[in-house]
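# Tertiary structure, described
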Amino acid sequence: MSLFWIVIRQLAEIEAMAMSKKVITRQEWEKKLNDVNIRKEDMNKLVMNFLVTEGYVDAAEKFRKESGTEPDIDLATITDCMAVKKAVQCGNVEDAIEKVNDLNPEILDTNPQLFFHLQQQRLIELIRNGRLEEALEFAQEELAPRGEENQGFLEELERTVALLAFEDVSNCPVGELLDMSQRLKTASEVNAAILTSQSHEKDPKLPSLLKMLIWAQNQLDEKAAYPRINDLSTAILEDPPV
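Since we're looking at a predicted model, the values are computed, not measured. (Residues numbered from 1 in each chain as written. Predicted model: local features only at pLDDT ≥ 70, side-chain atom pairs only at ≥ 80, totals over all residues. Heavy atoms only, no water.)

### Let's talk about the overall build of the protein chain
- The helix and strand tally for the protein chain stands at 12 helices and two strands.
- Relative to a compact globule of 242 residues, whose C-alpha radius of gyration would be 18 Å, the protein chain shows 24 Å and is clearly more extended.
- Over its C-alpha atoms, taken along the principal directions, the protein chain stretches across nearly 70 × 45 × 30 Å.
- Evaluated residue by residue, the protein chain yields a buried proportion of 37% over its 242 residues.
- The long-range fraction of contacts in the protein chain, counting pairs at least 24 apart against all pairs at least 6 apart in sequence, stands at 55%.
- As presented, the protein chain carries roughly 14,500 Å² of accessible surface, and 52% of it is formed by carbon and sulfur atoms.
- Distance between charge centroids for the protein chain: 10 Å, based on 27 positive and 44 negative side chains. (Helix = DSSP H or I, 4+ residues; strand = E, 2+ residues; numbered from the N terminus. Rg over C-alpha atoms; globule rule 2.2 N^0.38 Å. Buried < 20%, exposed > 50% of the residue type's maximum accessible area, 1.4 Å probe, protein only. Contact = heavy atoms within 4.5 Å. Areas by Shrake-Rupley, 256 points an atom, 1.4 Å probe, with all protein chains shown as cover. Lys, Arg positive; Asp, Glu negative; His and termini not counted. Charge placed at Lys NZ, Arg CZ, Asp CG, Glu CD.)

### With respect to the packing of helix α4 (residues 57-67) against helix α5 (residues 75-89)
- Relative to each other, α4 and α5 sit at 165°, their axes nearing to 10 Å. In terms of orientation, α4 and α5 fall into the roughly antiparallel class. Classified by chirality, the crossing of α5 by α4 is right-handed. Contacts from Val57, Ala60 and Glu61 of α4 reach α5 at Leu75, Ile78 and Thr79.
- Of the residues that constitute the contact of α4 with α5, the class distribution is four nonpolar, one polar and one charged. (Axes fitted to C-alpha atoms, helices over the stretch in contact; angles between N-to-C directions. Parallel < 35°, antiparallel > 145°, perpendicular 65-115°, else oblique. Left-handed = near helix turned anticlockwise from the far one by under 90°. Nonpolar A, V, L, I, M, F, W, Y, C, P; charged D, E, K, R; others polar.)

### Some remarks on the UniProt feature "domain: CTLH" (unreviewed entry) in the protein chain
- With numbering matched to this structure, UniProt assigns "domain: CTLH" (unreviewed entry) to residues 77-134.
- Taken as a whole, residues 77-134 contains 83% helix and 0% strand, while its terminal C-alpha atoms sit 34 Å from one another. (UniProt positions renumbered as here; feature names shortened; annotations may be inferred.)

### Side note on the state of the cysteines
- Under the counting rule described, the total for this entry stands at zero disulfides.
- Just so you know, Cys90 is unpaired, no disulfide at all, and the nearest cysteine sulfur is the one on Cys81, 16 Å from it. (Disulfide = S-S within 2.5 Å.)

Structural data, given as structure tokens:
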């Protein structure tokens, strides 16, 4: 049975137990949990999926040797992904674009939004480095034509160009474009596109399962008292209030 269906079955059982609105003791709860059989192989695949998707290549290679779990994507591709991601995070957008095209030119050719966001990031880096005349010229020649074809792109371009109007970007209403978070956002978008081009999930499964756990607990809270996990980092069951 796949991990997905195990989770779905467990949610259904939790919902059925919750209908009675009784207090579920630790003993009852732990017995119910122990009745769920999750194969070690499924858990290993879940760990490998997280390591690969998040780009922990060395850890993934070590885990492969220790557990015998094979990744569903070439680890060399993940190394290339991380090189692109690092380039964007360091502000070397032109280098990142070259690396993406070396991997697969179709990634940018078939994803105009991603290409625009990379070009937008190039503009941001020019402004960050004080190359204002070059930034204005780049905006007019490279981004403005795309803005004419797409209203969303035009709005993003206008927000970015607004940075040029402020000597002190700390007082600029769009100053967050110069934050590291903007680089990380663009880097994550590129990483997801590369993974998708390799027929790999762009998001790891583990966070989704944790979100499902939180959702299930929130649903059950309305109907029953039970040992719940309040701290996901420890996964310790806490007894229900008396």
